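Chains, contacts and geometry: an overview
Residue-level listing of the chains:
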Amino acid sequence: MRQIAFREAIREAMSEEMRRDDRVFLMGEEVAEYNGAYKVSQGMLAEFGAKRVIDTPIAELGFTAVAVGAAQNGLRPVVEFMTWNFAVLALDQILNTASKMLAMSGGQISCPIVFRGPNGSAGQLGAQHSTAFEALYANIPGLKVVSVSNGYDAKGLLKQAIRYEEDPVIFMESEVMYGDKSDIPDEEYYIPLGKADVKRQGRDVTIVSFNKMMKVALGAAVELEKEGISAEVIDLRTIRPLDWMTILESVKKTNRLVIVDEEWPYASVSSEIAYRIQKEGFDYLDAPIRRITAADAPLHYAPNLVEAALPSIGRTVALVKEVMYQRK
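The notes below deal with the structure included here.

Thresholds, definitions, all that
Residues numbered from 1 in each chain as written. Predicted model: local features only at pLDDT ≥ 70, side-chain atom pairs only at ≥ 80, totals over all residues. Heavy atoms only, no water. Helix = DSSP H or I, 4+ residues; strand = E, 2+ residues; numbered from the N terminus. Rg over C-alpha atoms; globule rule 2.2 N^0.38 Å. Buried < 20%, exposed > 50% of the residue type's maximum accessible area, 1.4 Å probe, protein only. Contact = heavy atoms within 4.5 Å. Phe/Tyr/Trp six-rings, centres within 6.5 Å; stacked < 30°, edge-to-face > 60°. Axes fitted to C-alpha atoms, helices over the stretch in contact; angles between N-to-C directions. Parallel < 35°, antiparallel > 145°, perpendicular 65-115°, else oblique. Left-handed = near helix turned anticlockwise from the far one by under 90°. Nonpolar A, V, L, I, M, F, W, Y, C, P; charged D, E, K, R; others polar. Pairing = 2+ DSSP bridges. Core = buried A, V, L, I, M, F, W, Y, C linked by side-chain atoms within 4.5 Å. Arc of directions from axis to C-beta. Salt bridge = Lys/Arg side-chain N within 4 Å of Asp/Glu carboxyl O.

1. Section: the overall build of the chain
- Of regular secondary structure, the chain possesses twelve helices and 14 strands.
- Expected size for 328 residues packed as a compact globule is a radius of gyration near 20 Å; at 20 Å, the chain falls within 12% of this value.
- Structurally, the chain occupies a C-alpha span of about 60 × 45 × 40 Å along its principal axes.
- In the chain, which comprises 328 residues, the share counted as buried stands at 56%.
- Considering only intrachain contacts with a sequence separation of at least 6, the fraction spanning at least 24 residues in the chain is 81%.

This is the structure we're talking about:
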């Protein structure tokens, strides 16, 4: 077991799969000569060469189209977007080609490709660089969507996506987690997509989250424990397919559900979870399902407004107390 940074876990996943399969290659802005905008691909150009670690122009639609064509012709590209905010420019290729080609070709042409990069807010980056996109991509049939919270899960899920998935995979990370350390086994491992993970056992309330909001969920659980409230915390890991059954089984035990979601509230991942659980688990609920999301507005630059707009440990604790019918 080794303790390594999140960015190193991502790098190991890509490098191990590239060593195993020469069809796998990495492309994106600054991934080669600059070693990656966040140093995720550091050293990979030296090992694999310029034909397999490819610097692209600042032209997301263009290089995504190249990768999609390569995937349809038997290769297995990994495309790094410097941020998922920039990937909006490539949405035509992701939505209208990658996600639909298997259906439009009558099952003849698959598109085994991984699109990855940082998602969501990362401090004072302004509105155009701070959007969380999980629900947008999860709303597209033909895509699988992964949103990871730690290096261990990131490595196992990314290796699974590169090696085994024949559908295009949207793989969402976070800039503010690239330096976080995780224990990584020495032996090779894969984590199947579509399976949530119970990160903390509890009896009184279920808290569900994903990506960096897991820090908020777990932090809230620690604070709640000090007040005698035992919170079970679930990390979704995969947004599509959504493992709502793991949530339901937890709610059967705790009878309460709070969702912590960095996205805007309208038509978000938390909206889908709330619908699924009230539909299938209504009789197990002792309180309304509640959620805490980002403010329904573009994220401002000012740090006090960033703090006010995003979920926090304190606001999550207060919301849990509401579903426990306790005073704040």
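2. Some details on the packing of aromatic side chains
- All chains considered together, the criterion is met by nine aromatic pairs.
- Measuring from ring centre to ring centre gives 6.3 Å for F133 and Y137, while their planes differ by 65 degrees; the resulting arrangement is edge-to-face. Across the pair, Y137 and F133 agree in class, each one buried.
- Clustering of aromatic rings is evident, with ring pairs tying together F63, F81, W84, F115, F133 and Y137.

3. A look at the environment of E30
- Inspection of the secondary structure assignment puts E30 in the loop between β2 (24-28) and α2 (44-48).
- A sequence separation of twelve residues divides E30 from Q42, and the C-alpha atoms of the two residues are 10 Å apart.
- With residues near it in sequence (within four places) discarded, E30 still touches N35, G36, A37, D55 and M82.

4. Remarks on the packing of helix α1 (residues 6-20) against helix α7 (residues 151-164)
- Where α1 meets α7, the axes come as close as 8 Å, and the angle between the chain directions of the two elements is 25 degrees. As judged from the angle between their axes, α1 and α7 are roughly parallel. Classified by chirality, the crossing of α7 by α1 is right-handed. Of the residues in α7, those in contact with F6, A9, I10, E12, A13, M14, E16, E17 and R20 of α1 are G151, A154, K155, L158, K159, I162 and R163.
- Considering only residue class, the contact of α1 with α7 consists of eight nonpolar, one polar and seven charged.

5. What to know about the pairing of strand β5 (residues 114-118)
- Among the five residues in β5, five count as buried, and that is most of the element.
- Across three bridges, the pairing between strand β4 (residues 76-80) and β5 is parallel. Bridge pairing links V79 to F115 in β5.
- Sheet topology places β5 next to strand β7 (residues 169-173); five bridges connect them, and they run parallel. Residue pairing for β7: R116 is matched across the bridge by F171.

6. Some thoughts on the sheet that holds strand β12 (residues 238-240)
- An order of β3-β2-β4-β5-β7-β6-β12 is seen for the seven strands of this open sheet, with the pairing classed as mixed. The open sheet has two free edges, formed respectively by β3 (53-55) and β12, since each of these has just one partner strand. Strand-to-strand, the axes of this sheet are offset by a mean angle of 20 degrees, without reference to chain direction.
- Sheet topology places strand β6 (residues 144-147) next to β7; four bridges connect them, and they run parallel. Of the residues in β7, the one forming a bridge with V145 is I170.

7. Focus: the nonpolar core
- Ranked by internal contacts, the top residues of the largest apolar core, which has 44 residues, are W84, F115, Y137 and I273.
- When residues of this core are assigned to their parent elements, the largest contribution, five residues, is made by helix α3 (residues 60-72).
- Among residues more than four places away in sequence, those in contact with W84 are I94, F115, R116, G117, P118, N119, F133, Y137, I170, F171 and M172.
- Residues V24, V40, L157 and I184 belong to the second largest nonpolar core, which totals 34 residues.

8. Considerations on helix α4 (residues 91-98)
- Q93, I94, T97 and A98 are the residues of α4 that are buried. Seen end-on, α4 carries its buried residues on one side only, within an arc spanning 115 degrees.
- On its buried face, α4 is in contact with α3, α5 (101-104), β5, α6 (134-138) and β7.

9. Observations concerning the pattern of salt bridges
- Under the definition given, this model contains 31 salt bridges.
- Close ionic contact of R2 with D186 constitutes a salt bridge, the shortest N to O distance being 3.0 Å. On the criterion of sequence distance, the pair formed by R2 in strand β1 (residues 2-5) and D186 in the loop between β8 (181-184) and β9 (197-200) is long-range, its members being 184 residues apart.
- Accessibility expressed as a relative area gives 27% for R2, which makes it partly exposed.
- Note on D186: relative accessible area 54%, which makes it exposed.
- Between R19 and E47 there is a salt bridge; the shortest N-O distance is 2.6 Å. You can see R19 sitting in helix α1 and its partner E47 sitting in helix α2, a full 28 residues away along the chain.
- Taking the relative accessible area as the measure of exposure, E47 reaches 40% and is therefore partly exposed.
- Look at the salt bridges and you will find they share partners, linking R2, E12, E16, E17, R20, D21, R23, K155, K159, D186 and E188 into a network.

Scope: geometric values only; no functional claims are made or implied.
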